[in-house]
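A closer look at the structure
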Amino acid sequence: MKIAFFSTQIFEKDLFFKYATQNKHEITFFEYALNAKTAQLAQGHDCVCCFVSDLLDEETIKELQQIKIRLISLRSAGFNHVNLDAASQFHIPVVRVPAYSPYSVAEHTAALLMCLNRKIHKAYARVKEQNFKIDGLMGFDLHGKTVGVIGTGKIGSAFAKIMNGFGCRVLAYDPQPNSELPVEYVTLEKLYSQSKIISLHLPLNPETHHLINEEAFSKMMDGVFLLNTGRGALIDTIALINALKTNKIGAAGLDVYEEEEGVFFKDLSNKILSDDVLTRLLTFPNVIMTSHQAFFTEEAVNNIAQTTIDNITQFESFNKLPNQVLSKTHYK
Ligand code: NAI
């Protein structure tokens, strides 16, 4: 298959080239994100390989169909950036990488929590400046604290177990509870009101869009720590900013942001940010933001490359596509 690879990042090239050539595929790397304007770059290829920064809306998918693209291969687990109804309408199957290392994301979530609580980001900068005072750096013991996990699938389960290891009491909310997990399933209301730390591990869909809004914040305890390594739009960012301004939120650890497209994965250090909401969010001393890197471990990236190329090989060999995403599960 001839693969048009969009939103290429440097770390991906060697790995994907290796797996693609081992499986006798040809691969062309484009730095551009895929959208309706850039879709023409895929002309002459059979398949597009996309990341979360690519926009596969109806217009883009129509363009892809016109240039005879036969497969959309996502190198991500999430697929909220794909209009699955349009893909189905234009008869282009969509495959994804459903699991590659839940530990990568769960451990990054724990890292955000630890950094925020023990103020490692501030301590690092202070000591670098030869300021060895510890005033203002006090944290709290995680042991004995209540952690609320929303979404206990692969990543949420891994995170809940890590928190168990710290000696936390773990509350959870998920419409499909996992009875084997050592957590107490409760209503969202109870989770909001009793958790010192709340972590989001559920998918983004029309029902979960802005789940964490002004009303949700009003039900949470003062000084709650909010962690989001799920998807940015699970949180209403304006409501988050207000909650930070009123000290409702003790700290926020964010690996995702609802308007991250066009910003994350780019070096904008010499540019003026045009997004005033993001700019405001970055001013809070108790907010740590990372650029959608929770998945970014050697193990996860290797698994992503291998599964992505396997998905493409299976399609070429007319095999069943176990990792196909169907439109009826749109926004799962
Ligand atoms: P998963 O499919 O294994 O688990 C999702 C869980 O959320 C399921 O148990 C499901 O029942 C539950 N859920 C669905 N609707 C819910 C609701 N309204 N309230 C509470 N729970 C609900 O998915 P996995 O692999 O654990 O990933 C979770 C999310 O993490 C993905 O949807 C993706 O958005 C995000 N993610 C982020 C990455 C990053 O690098 N920051 C990397 C990979 C995934």
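What you are looking at is a predicted structure, and each value in this text was computed from that prediction instead of being measured.

1. Side note on the overall build of the protein
Of regular secondary structure, the protein possesses eleven helices and twelve strands. A globule of 332 residues ought to have a C-alpha radius of gyration of about 20 Å, and the protein, at 21 Å, matches this closely. Projected onto the principal axes, the alpha-carbon positions of the protein cover approximately 60 × 50 × 35 Å. For the protein, the proportion of its 332 residues judged to be buried stands at 52%. Excluding contacts between residues fewer than 6 apart, the proportion of contacts in the protein whose partners are at least 24 apart in sequence is 67%.

2. As for the domain arrangement of the protein
Where interface size is quoted, it is often the accessible area lost as the parts come together. According to the domain assignment, the protein consists of domain 1 (2-100 + 298-331) and domain 2 (102-289). Distance from the C-alpha centre of domain 1 to the C-alpha centre of domain 2: 30 Å. Across the contact, twelve residues belong to domain 1 and ten residues belong to domain 2. Scanning the region where domain 1 abuts domain 2 turns up zero salt bridges. Seen at the junction of domain 1 and domain 2, the total is one residue pair in polar contact (both at pLDDT 80 or more). Taken together, the residues of the side of domain 1 that touches domain 2 sort by class into eight nonpolar, four polar and no charged.

3. Concerning the pairing of strand β2 (residues 26-29)
Inspection of the sheet shows strand β1 (residues 2-5) paired to β2 by four bridges, in the parallel sense. Pairing of F5 across the sheet is with F29, part of β2. Traced from β1 through helix α1 (residues 10-22) to β2, the parallel crossover comes out right-handed.

4. Here we look at the environment of C168
By the secondary structure assignment, C168 is in the loop between α6 (154-165) and β7 (169-173). Looking at C168, the relative accessible area reads 7%, which means it is buried. Here the alpha-carbon distance between C168 and D141, two residues 27 residues apart in the chain, equals 9.6 Å. Once residues within four sequence positions are removed from consideration, C168 is found in contact with L142, G144, K145, V147 and M163.

5. As for the site of the ligand
By nearness alone, 24 residues border the ligand, and Y100, K154, I155, D174 and D255 come closest of all. Out of a free accessible area of 870 Å², the ligand has 86% covered by protein chains.

6. A word on the pattern of salt bridges
Going through the model one piece at a time under the given rule, you end up with eight salt bridges. The partner of K219 in a salt bridge is E215, with the nearest N and O atoms 3.3 Å apart. Placement of both K219 and E215 in helix α8 (residues 214-219) is noted, with a separation of four residues, approximately one turn of the helix. We classify K219 as partly exposed; its relative accessible area is 28%. Under the relative-accessibility criterion, E215 is labelled exposed at 51%. Here the residues in one salt-bridge network are R169, E184 and K190, joined through shared partners.

7. Looking at the nonpolar core
Residues I150, Y192, I212 and L240 are the most contacted members of the largest nonpolar core, which totals 36 residues. When residues of this core are traced back to their parent elements, those giving at least two are α7 (188-194), β9 (197-200), α8, β10 (224-228), α9 (237-245), β11 (249-254), α10 (276-281) and β12 (287-289). With five residues, the single largest contributor to this core is α9. Once residues lying within four places of it in the same chain are set aside, the contact partners of Y192 are I150, I198, L211, I212, A216, K219, M220 and M221. By size, the runner-up hydrophobic cluster in this structure holds 28 residues, among which are F16, Y19, A77 and F315.

8. Observations concerning the sheet that holds β2
Pairing is parallel across the open sheet formed by five strands, whose spatial order is β2-β1-β3-β4-β5. Each edge of the open sheet is held by one strand with a lone partner, namely β2 and β5 (94-95). Docked against the sheet, α1 engages β1 and β2, running at close to 165° with respect to β2.

9. Examining unusual backbone geometry
Not every positive phi belongs to a glycine, and K68 is a case in point at roughly 65°. Within the secondary structure, K68 is located in the loop between α2 (58-66) and β4 (71-74). For K68, a relative accessible area of 63% corresponds to the exposed category. In the Ramachandran plot, H91 falls in the positive-phi region, its phi being about 60° despite a non-glycine side chain. One can find H91 in the loop between α3 (84-89) and β5.

10. Examining the packing of aromatic side chains
Applying the stated criterion to the full structure yields eight aromatic pairs. Between the aromatic rings of F295 and F296, the centroid separation amounts to 5.7 Å while the plane-to-plane angle is 50°, which identifies the pairing as tilted. Given a relative accessible area of 42%, F296 falls into the partly exposed group. An aromatic cluster of three or more residues is present, and its members are F11, F51, F265, F295 and F296. A cation over an aromatic ring shows up here: K18 above the ring of Y19, its NZ or CZ 4.9 Å from the ring centre. Directly above the ring of F5 sits R75, whose terminal nitrogen or CZ lies 3.8 Å from the centroid.

How each quantity is defined
- Residues numbered from 1 in each chain as written.
- Predicted model: local features only at pLDDT ≥ 70, side-chain atom pairs only at ≥ 80, totals over all residues.
- Heavy atoms only, no water.
- Helix = DSSP H or I, 4+ residues; strand = E, 2+ residues; numbered from the N terminus.
- Rg over C-alpha atoms; globule rule 2.2 N^0.38 Å.
- Buried < 20%, exposed > 50% of the residue type's maximum accessible area, 1.4 Å probe, protein only.
- Contact = heavy atoms within 4.5 Å.
- Domains from an automatic or database assignment.
- Salt bridge = Lys/Arg side-chain N within 4 Å of Asp/Glu carboxyl O.
- Polar contact = N/O pair within 3.5 Å; in protein donor to acceptor, adjacent residues only side chain to side chain.
- Nonpolar A, V, L, I, M, F, W, Y, C, P; charged D, E, K, R; others polar.
- Pairing = 2+ DSSP bridges.
- Right-handed = clockwise from strand over helix to strand, strands pointing away.
- Near = heavy atom within 4 Å.
- Areas by Shrake-Rupley, 256 points an atom, 1.4 Å probe, with all protein chains shown as cover.
- Core = buried A, V, L, I, M, F, W, Y, C linked by side-chain atoms within 4.5 Å.
- Axes fitted to C-alpha atoms, helices over the stretch in contact; angles between N-to-C directions.
- Phe/Tyr/Trp six-rings, centres within 6.5 Å; stacked < 30°, edge-to-face > 60°.
- Lys NZ or Arg CZ within 6 Å of the ring centre and 35° of its normal.

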